[in-house]
Amino acid sequence: MAREPTTWIKLDRNLKDWQWVSDANTLSVFVNLLIRVNNEDKPFKGFVIKRGEVVISQEELAAVTGLTRQKVRRALDNLISTKDITKSQHGRIVVISIPRYDVYQQKQPNSQPRNNHETTTTKE
């Protein structure tokens, strides 16, 4: 199976101040959604699943996170309540969207740092 070109997500250090960061289940579900949403529009069973959206069930999220369906459902409810995600239904297909996906998306840089010094940050 061919692999997609490498893309990255980025997590801002301000995530430490996000209201769900101390809720391990909600954080786990959100990060799993971030790495699973489309990074470009793609067709799916007669629909177009847009960039920042994914078709995934609670059962699938439970399997990849190791959480129960009830814990996944609660985490999704948390994320919906704060508008970190939205959920829409098209017949039997449930689409989860991350409205601010572009904030987390970063294309692979054209050039890699030449040495470790360029990637090191320090606070003085």
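Predicted model only: the values in this text are computed from it and were never measured. (Residues numbered from 1 in each chain as written. Predicted model: local features only at pLDDT ≥ 70, side-chain atom pairs only at ≥ 80, totals over all residues. Heavy atoms only, no water.)

A. Local environment of the nonpolar core. If you look at the biggest cluster of nonpolar residues, it comprises 22 residues, and the most contacted ones within it are V29, F30, L33, L76, I85 and I98. Where this core is concerned, the elements lending two or more residues are helix 1 (24-36), helix 2 (58-65), helix 3 (69-81) and helix 4 (101-104). Setting aside chain neighbours within four positions, we find F30 in contact with W18, L79, D84, I85, I98 and Y104. (Core = buried A, V, L, I, M, F, W, Y, C linked by side-chain atoms within 4.5 Å. Buried < 20%, exposed > 50% of the residue type's maximum accessible area, 1.4 Å probe, protein only. Helix = DSSP H or I, 4+ residues; strand = E, 2+ residues; numbered from the N terminus. Contact = heavy atoms within 4.5 Å.)

B. Focus on helix 3. For helix 3, with 13 residues, the first-to-last C-alpha span of 18 Å sits near the 18 Å given by 1.5 Å per residue. Of all the residues in helix 3, the buried ones are V72, A75, L76, N78 and L79. For helix 3, the arc enclosing every buried residue in end-on projection is 155°, short of the 170-degree limit, so these residues lie on one face. In helix 3, the exposed positions angled more than 90 degrees off the buried face are occupied by Q70, R74 and S81. Of the surrounding secondary structure, the elements contacted by the buried residues of helix 3 are helix 1, helix 2 and strand 6 (93-97). One or two residues past the end of helix 3 sits K83, with phi positive at roughly 60°. (Expected span 1.5 Å × (residues − 1). Arc of directions from axis to C-beta.)

C. Representation of the packing of helix 1 against helix 3 in the model. Two elements in contact, helix 1 and helix 3, have axes whose closest approach is 9 Å; the angle formed by their N-to-C orientations is 80°. One element, helix 1, and the other, helix 3, form an angle in the roughly perpendicular class. Taking contact as the criterion, the partners of N25, T26, V29, F30 and L33 in helix 1 are, on helix 3, K71, V72, A75, L76, N78 and L79. (Axes fitted to C-alpha atoms, helices over the stretch in contact; angles between N-to-C directions. Parallel < 35°, antiparallel > 145°, perpendicular 65-115°, else oblique.)

D. Structural detail: the pairing of strand 6. Counting buried positions over the five residues of strand 6 gives four, a clear majority of the element. Pairing analysis gives three bridges linking strand 4 (residues 53-55) to strand 6, with the strands arranged antiparallel. Across the sheet, E53 pairs through a bridge with S97, a residue of strand 6. In this structure, strand 5 (residues 86-90) lies alongside strand 6, joined through five bridges in antiparallel fashion. The residue bridging T86 from the neighbouring strand is S97, located in strand 6. Hairpin connection between strand 5 and strand 6: a loop of two residues separates the two successive antiparallel strands, and G91 in this loop has a positive phi of roughly 65°. (Pairing = 2+ DSSP bridges.)

E. View of unusual backbone geometry. Non-glycine residue K45 carries a positive phi angle of around 45°. With respect to the secondary-structure elements, K45 resides in the loop between strand 2 (42-44) and strand 3 (47-49). With a phi close to 60°, K83 is a non-glycine residue in the positive phi region. Here K83 lies in the loop between helix 3 and strand 5.

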